[in-house]
Amino acid sequence: MERTFVMVKPEGVARGLIGEVLARFERKGLKITRLAMGRVTTEQAEEHYAHLREKPFFGELVEYITSGPVAMAVVEGPDAVRHVRNLVGATNPLEAAPGTIRGDFAVELPYNIVHASDSPESAAAEIERFFGRS
Ligand code: UDP
Ligand code: MG
C-alpha cells in the first residue's frame, strides 16, 4: 500500500471540479483516506514549490496557489503515486493527453487544476506539510 498527496488547486475548486477530480481516483480503485478544505499559506507555498524557486514564474505560482480555497486529499492504494500521476497527466495542459484530468479540464500553465506528489518521499513530506504529523 502506498500513499500520495493530491490538491485540487484554486481554479479547480472555483470551477466546481472537486468531485470530478476525486471521483477519478475512486473509480480507478484508489481510496481517499483523508480529505480537507483549506488555504495554502505563503510559507507553505514557497516550501511546496521550492524546486521552482529559481524560475521566473515562481512569484506568480505562489500567488496562484494561495489565491483561494483548495481541496486536499490523501489517496491510498498499490503504487498510488504513479497511478495518480498517470490519471493527472502531464504538467503542461497542452501536452496532457485527453482522458487525463489536465488533458480534459485545463488549457494553460500554471492553471492545471490539480497537484499530485511525484514520489513516495514527496508524498510523505507533503502530507505532513498540509495535514500535519499524525
Ligand atoms: N508550472 C508552471 N510553468 C512551468 C512549470 C510548472 O506554471 O513551466 C506550475 C504548474 O502549475 C505546475 C507547478 O508549477 O503544476 C509545479 O510544477 P512541477 O514541475 O512540480 O509540475 P507537476 O508536478 O505539478 O506536474
Ligand atoms: Mg511537482
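A brief structural summary. From a predicted model like this one, the values you see are computed outputs, not experimental measurements.

As a further point, take the pattern of salt bridges. Applying the stated rule across the entire model yields 5 salt bridges. Here Asp-104 makes a salt bridge to Arg-24, at a shortest N to O gap of 2.9 Å. Of this pair, Asp-104 sits in helix α6 (residues 101-105) while Arg-24 sits in helix α2 (residues 18-28), and the two are 80 residues apart along the sequence. Assessed through its relative accessible area of 35%, Asp-104 is described here as partly exposed. The salt bridge partner of Arg-133 is Glu-128, with a shortest N-O separation of 3.1 Å.

Another aspect to go through is the site of ligand 1. Surrounding ligand 1, one finds Lys-9, Tyr-49, His-51, Leu-52, Phe-57, Leu-61, Arg-85, Thr-91, Arg-102, Leu-109, Pro-110 and Asn-112. At a separation of 2.9 Å, an oxygen atom of ligand 1 approaches a polar side-chain atom of Lys-9. Taking Asn-112, its side chain carries an N or O atom lying 2.8 Å from an oxygen atom of ligand 1. Protein contacts shield 81% of the accessible area of ligand 1, which totals 500 Å² for the unbound molecule. Of all the cavities here, the one that holds ligand 1 is the largest pocket.

Scoring rules and cut-offs
- Residues take numbers from 1 onward in each chain, read along the sequence in its written order.
- Following the order in which they are written, the chains are lettered starting with A and the ligands numbered starting with 1.
- Given that the model is predicted, a residue must reach a pLDDT of at least 70 before its local features are reported, and side-chain atom pairs must reach 80 or more before they are shown or counted; all residues, however, enter totals for whole chains, interfaces and linings.
- Hydrogens and waters are ignored; side-chain quantities use all the structure's heavy atoms.
- Each salt bridge in this description consists of a side-chain nitrogen of Lys or Arg and a carboxyl oxygen of Asp or Glu lying within 4 Å of one another.
- In DSSP terms, a helix is any run of H or I states spanning at least four residues, a strand is any run of E spanning at least two, and both are numbered starting from the N terminus.
- Using a 1.4 Å probe on the protein chains alone, a residue whose accessible area is under 20% of its type maximum counts as buried, one over 50% counts as exposed, and one in between counts as partly exposed.
- Nearness is judged by heavy atoms alone; a residue qualifies as near a molecule or strand once a single heavy atom is within 4 Å of it.
- Think of a polar contact as two N or O atoms within 3.5 Å of one another; within protein, one of them needs to be a possible hydrogen donor and the other a possible acceptor, and neighboring residues in sequence only count if both atoms come from side chains.
- Using the Shrake-Rupley algorithm and a 1.4 Å probe, accessible areas are obtained, with residue cover drawn only from the displayed protein chains.
- The distinction between a cavity and a pocket rests on a 1 Å grid over the protein atoms alone: a 1.4 Å probe fits inside a cavity but cannot get out, while a pocket stays open yet meets protein on both sides within 12 Å along at least five of seven lines, and a residue with an atom within 4 Å of a point counts as lining.
- Think of it this way: if more than half of a molecule's atoms are within 2 Å of a pocket's grid points, that molecule is in the pocket or cavity.

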